[in-house]
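# Overview (structure and organization)
What follows is the residue order along each chain.
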Amino acid sequence: MRRLVYVVASTVDGFVAGPDGADPTGPDGFWPVPPDYVEHLAAEYPETLPAPARVALGITAPGSRFDTVLEGRRSYEVGLRAGLTNAFPHLRHLVFSRTLTVSPDPGVELVAADPVATVREMKRQEGKDVWLVGGGELAGVLYQEIDELVVKLGPLTLGAGIPLFSRTAAFDPRTWTLTDHTVLTSGALFLTYRRSPAQTT
Ligand SMILES: NC(=O)c1ccc[n+]([C@@H]2O[C@H](COP(=O)([O-])OP(=O)(O)OC[C@H]3O[C@@H](n4cnc5c(N)ncnc54)[C@H](OP(=O)(O)O)[C@@H]3O)[C@@H](O)[C@H]2O)c1
C-alpha cells in the first residue's frame, strides 16, 4: 500500500528549525551539512534533494521511493524566499495553505482541503510512497497518517525551536519499530521507523 513517509532532519532535542522559521541548513543556517550527509542523501533519498542540489550533484534519476511531496505553506515559503518557486519539480508537489490563492509555480498545487482526507485519498491511489517534508505544523496535523519516519538526526541541540510535530498536536503516544539505521562518521544518524502494526488505523 502507498504510505506516507515523514523524512525530516531533527536535532537531538526534537526540533526541525529554529524559532524564527528560517532555513536552518541554508547559507546562514546553523545546522551542519557535512559531505557524508549529502552523499548519503544522494545515494538513498535523491528525490528529497532540492533541484539546485540535484543539478550540482548530477542527479537526474527520478528516484525509486517517492513520486509526491507534501509541504506546509511556511516550509514552502522558505524556498520561495531563496528564489525557488518549486524546489521539487521532479515530484508532484502539493503545498497546503488556506491563505495562498495563486500558485507561484505551475508545478506546485495549492491545497486548502483537509490534509488528512487528502492523504487518505492518495493512499487509495496507485503510486510510489508520499514524502511529507514538513514542517512541524503540517506534520502535527498528519501525525496519525504517518506510516514511516525517517529521522535524519543531527548532532546538535537548540534549546528552543519548531518541534518535529506541532505543539498543538493531540497527545497520542505511539510506538515505532526501528527498521533501518545508518551512523555517519560526521555524527549524523539516519533512523528509519515503521509504525508498529498494532497501531495501524
Ligand atoms: N528539518 C527539516 O527537515 C525541515 C523540513 C521542513 C521544514 N522545516 C522547517 O520548518 C519550518 C516551518 O514549519 P512550521 O511548522 O512553521 O510550518 P509548516 O508546517 O511548514 O506550514 C504551516 C502552514 O501549513 C498550512 N496548514 C497547516 N494545517 C493546514 C490544514 N489543516 N489545512 C490547510 N493548510 C494547513 C497553513 O498555511 P496557511 O497559513 O497559508 O493556511 C500553515 O500556516 C521552517 O523553518 C522550515 O525550515 C524543516
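Report on the accompanying structure. Given the structure is predicted, the values throughout are model-derived calculations rather than measurements. Think of each chain on its own: its residues are numbered from 1, step by step along the sequence as written. Selection of residues for local features in this predicted model requires a pLDDT of at least 70, selection of side-chain atom pairs for listing and counting requires 80 or more, and totals for whole chains, interfaces and linings are taken over all residues.

## A look at the overall build of the protein chain
- Check the secondary structure of the protein chain and you find five helices and ten strands.
- Taken over the C-alpha trace, the protein chain has a radius of gyration of 16 Å; the compact-globule value for 201 residues is 17 Å, and the two agree within 12%.
- Dimensions along the principal axes, computed over C-alpha positions, put the protein chain at roughly 40 × 40 × 35 Å.
- For every residue, the other C-beta atoms within 10 Å of its own C-beta are counted; 20 or more classify it as buried, 12 or fewer as exposed, and values in between as partly exposed. C-beta atoms are placed from the backbone. Counting across all 201 residues of the protein chain, residues that qualify as buried make up 32%.
- Here contacts are defined at the residue level, using C-beta atoms placed from the backbone and a cut-off of 7 Å between them. Residue pairs at least 24 apart in sequence account for 68% of intrachain contacts in the protein chain once pairs closer than 6 positions are excluded. By definition, any uninterrupted DSSP run of H or I lasting at least four residues is a helix, any uninterrupted run of E lasting at least two residues is a strand, and each is numbered from the N terminus. C-alpha atoms define the radius of gyration, and 2.2 Å times the number of residues to the power 0.38 defines the globule rule.

## Remarks on the site of the ligand
- Should the C-beta atom of a residue, placed from the backbone, lie within 6 Å of a molecule or strand, that residue is near it. Around the ligand there are 28 residues in total, and Ala17, Gly72, Ser75, Gly134 and Gly135 lie nearest to it.
- Elements that contribute at least two residues to the shell around the ligand include exactly strand S1 (4–10), strand S2 (15–17), helix H3 (73–81), strand S6 (129–134) and helix H5 (136–141).
- Polar here means any residue outside two lists: the nonpolar Ala, Val, Leu, Ile, Met, Phe, Trp, Tyr, Cys and Pro, and the charged Asp, Glu, Lys and Arg; Gly therefore counts as polar. Considered class by class, the residues forming the shell around the ligand number 14 nonpolar, eight polar and six charged.

## As for the sheet that holds strand S10 (residues 189–195)
- Whether two strands pair comes down to DSSP finding at least two bridges between them. Pairing within the open sheet is mixed, and its eight strands lie in the order S5-S4-S3-S6-S1-S7-S10-S9. The two strands at the open ends of the sheet, each matched to only one other strand, are strand S5 (108–111) and strand S9 (176–183). Neighbouring strand axes in the sheet, compared pairwise and without regard to direction, differ in orientation by 25° on average.
- Here five bridges tie strand S3 (residues 66–72) to strand S4 (residues 92–96), and the two strands are oriented parallel to one another. Pairing of valine 69 across the sheet is with histidine 93, part of S4.
- Most of the contacts of H3 go to S3, to which it runs at about 100°, and overall it touches S3, S4 and S6. Here an angle of 0 to 180 degrees is reported between the N-to-C directions of two axes, which are lines fitted to C-alpha atoms, with helices fitted over the stretch in contact.

## Points about the pairing of S10
- Strand direction decides the pairing type here: strand S7 (residues 148–153) and S10, joined by six bridges, are antiparallel. Bridging from a neighbouring strand, valine 151 pairs with leucine 191 of S10.
- Pairing analysis gives seven bridges linking S9 to S10, with the strands arranged antiparallel. Residue pairing in the sheet places aspartate 180 in a bridge with threonine 192 of S10.
- Between S9 and S10, which pair antiparallel and follow one another directly, the connecting turn spans five residues, one of which, glycine 187, has a positive phi of 110°.

## Considerations on the environment of proline 46
- Inspection of the secondary structure assignment puts proline 46 in the loop between helix H1 (35–44) and helix H2 (51–57).
- Each C-alpha atom, one on proline 46 and one on arginine 73, is 23 Å from the other, the two residues being 27 residues apart in sequence.
- Excluding anything up to four places from it in sequence, proline 46 contacts Arg54, Ile59, Ala61 and Gly63.

## Observations concerning the pairing of S3
- Most of S3 sits out of view: six of its seven residues are buried.
- By the criterion used throughout, a crossover qualifies as right-handed when its path from the first strand across the helix to the second strand runs clockwise, the strands pointing away from the viewer. For the crossover that starts at S3, traverses H3 and ends in the parallel S4, the hand is right-handed.

## Overview of the nonpolar core
- To define a nonpolar core, we join buried Ala, Val, Leu, Ile, Met, Phe, Trp, Tyr and Cys residues through C-beta atoms within 7 Å and take the resulting set. Counting residues in each nonpolar core, the largest one holds 34 residues, and the members touching the most others are Val5, Val130, Trp131 and Leu132.
- Sorting the residues of this core by element identifies S1, S2, S3, S4, S6, H5 and S7 as the ones contributing at least two each.
- The element that contributes the greatest number of residues to this core is S1, accounting for six residues.
- Those residues within four positions of tryptophan 131 in sequence are excluded, and the remaining contacts are Val5, Val7, Glu47, Thr48, Phe66, Thr68 and Val69.

## Points about unusual backbone geometry
- Between glycine 134 and the following residue, glycine 135, the backbone shows a cis peptide bond with an omega angle of 0°.
- Inspection of the secondary structure assignment puts glycine 135 in the loop between S6 and H5.

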